[in-house]
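Below are the chains, spelled out letter by letter.
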Amino acid sequence: MANVVVELSDVSLTRERRQILSEIRWLVRGGEHWVLFGPNGAGKTTLLNLLTGYIWPTDGEVAVLGQRFGETDLSVLRRRIAMVSDQLAQRIHGELTGLEILITGGRAHLNLFQPASTSELRTAAEVATAMGVVELLEKPFRVLSSGERQRLLIARALMRRPALLILDEPCAGLDLAGREFVLETIRRAASWAHPPTIIFT
């Protein structure tokens with residue numbers, strides 16, 4: 001089906017005799033953005049992990065960006081998908097500056113092993129400006145607030161211009177002001193010159 005970003009067909013997932021997902025049918029078209037609501041333990045994060053191929057369904061079929069799982073090279077497909085989660089935030093080295101963190105996003109690494117090129121610096125400046133995080137570029141990650149970290153990680157995810165951006169509870173634990181800043185960054189991403197399809201919980 002043309003212009004389909006996500007297609008789940010009768011997807012179910014059972015772990016240790018526990019039914020986590022049951023016969024999920026879900027279609028996401030290009031240009032759409034989705035928010036998944038549900039209580040803790042409802043399977044939201046599990047559903048998002050299915051889209052990256054790190055979890056496989058017990059039954060049903062998964063297709064992302066026109067590629068059906070089981071028939072495609074997931075290592076190639078994952079280059080077009082970016083995911084921001086609390087797990088990622090915990091793995092970022094605290095001494096890296098905001099600028100260095102953006103550069104690592106373009107390289108798909110968690111650390112900076114070589115100086116940034118002129119092209120990388122230009123892209124980082126473009127993304128930082130578009131996402132409104134320029135003021136965070138010179139600060140070490142360790143001194144940033146939770147909300148600032150989330151905003152920076154969203155910008156980092158856009159460095160490779162993904163077709164699909166997955167955000168797992170980006171506003172969890174934030175105060176009202178922090179949530180508003182993060183939601184504004186998500187709005188900026190959705191209206192960016194190179195907008196990905198965004199799915200978040």
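Residues numbered from 1 in each chain as written. Predicted model: local features only at pLDDT ≥ 70, side-chain atom pairs only at ≥ 80, totals over all residues. Heavy atoms only, no water.

**Q** Which residues make up the side chain of lysine 44, and what values do they have?
**A** Considering the arrangement of structural elements, one finds lysine 44 in helix α1 (residues 44–52). Despite its burial, lysine 44 pairs with no opposite charge, the nearest such side chain being glutamate 169 at 4.3 Å. A distance of 2.9 Å separates the side chain of lysine 44 from the backbone oxygen of glycine 38, its partner in a polar contact. At 3.1 Å, the side chain of lysine 44 forms a polar contact with the backbone oxygen of proline 39. Look past the residues within four positions of lysine 44 in its chain and what remains in contact with it is Leu36, Phe37, Gly38, Pro39, Glu169 and Thr201. (Helix = DSSP H or I, 4+ residues; strand = E, 2+ residues; numbered from the N terminus. Buried < 20%, exposed > 50% of the residue type's maximum accessible area, 1.4 Å probe, protein only. Lys, Arg positive; Asp, Glu negative; His and termini not counted. Salt bridge = Lys/Arg side-chain N within 4 Å of Asp/Glu carboxyl O. Polar contact = N/O pair within 3.5 Å; in protein donor to acceptor, adjacent residues only side chain to side chain. Contact = heavy atoms within 4.5 Å.)

**Q** Hey, could you go over the packing of aromatic side chains for me, with residue numbers and the actual values?
**A** Within this structure, the stated rule accounts for two aromatic pairs. Between tryptophan 26 and tryptophan 34, the aromatic rings sit 5.6 Å apart at their centres with planes inclined by 75°, giving edge-to-face as the arrangement. Each ring, one from tryptophan 56 and one from phenylalanine 69, has its centre 5.8 Å from the other, and the planes form 55°; the classification is tilted. You can see tryptophan 56 sitting in the loop between α1 and β4 (59–64) and its partner phenylalanine 69 sitting in the loop between β5 (67–68) and α2 (74–77), a full 13 residues away along the chain. With relative accessibility at 10%, the residue phenylalanine 69 sits in the buried group. The ring of tyrosine 54 has arginine 78 lying over it, and the distance from NZ or CZ to the ring centre is 4.0 Å. In this arrangement the basic side chain of arginine 149 is found over the ring face of phenylalanine 141, its NZ or CZ atom lying 4.7 Å from the centre. (Phe/Tyr/Trp six-rings, centres within 6.5 Å; stacked < 30°, edge-to-face > 60°. Lys NZ or Arg CZ within 6 Å of the ring centre and 35° of its normal.)

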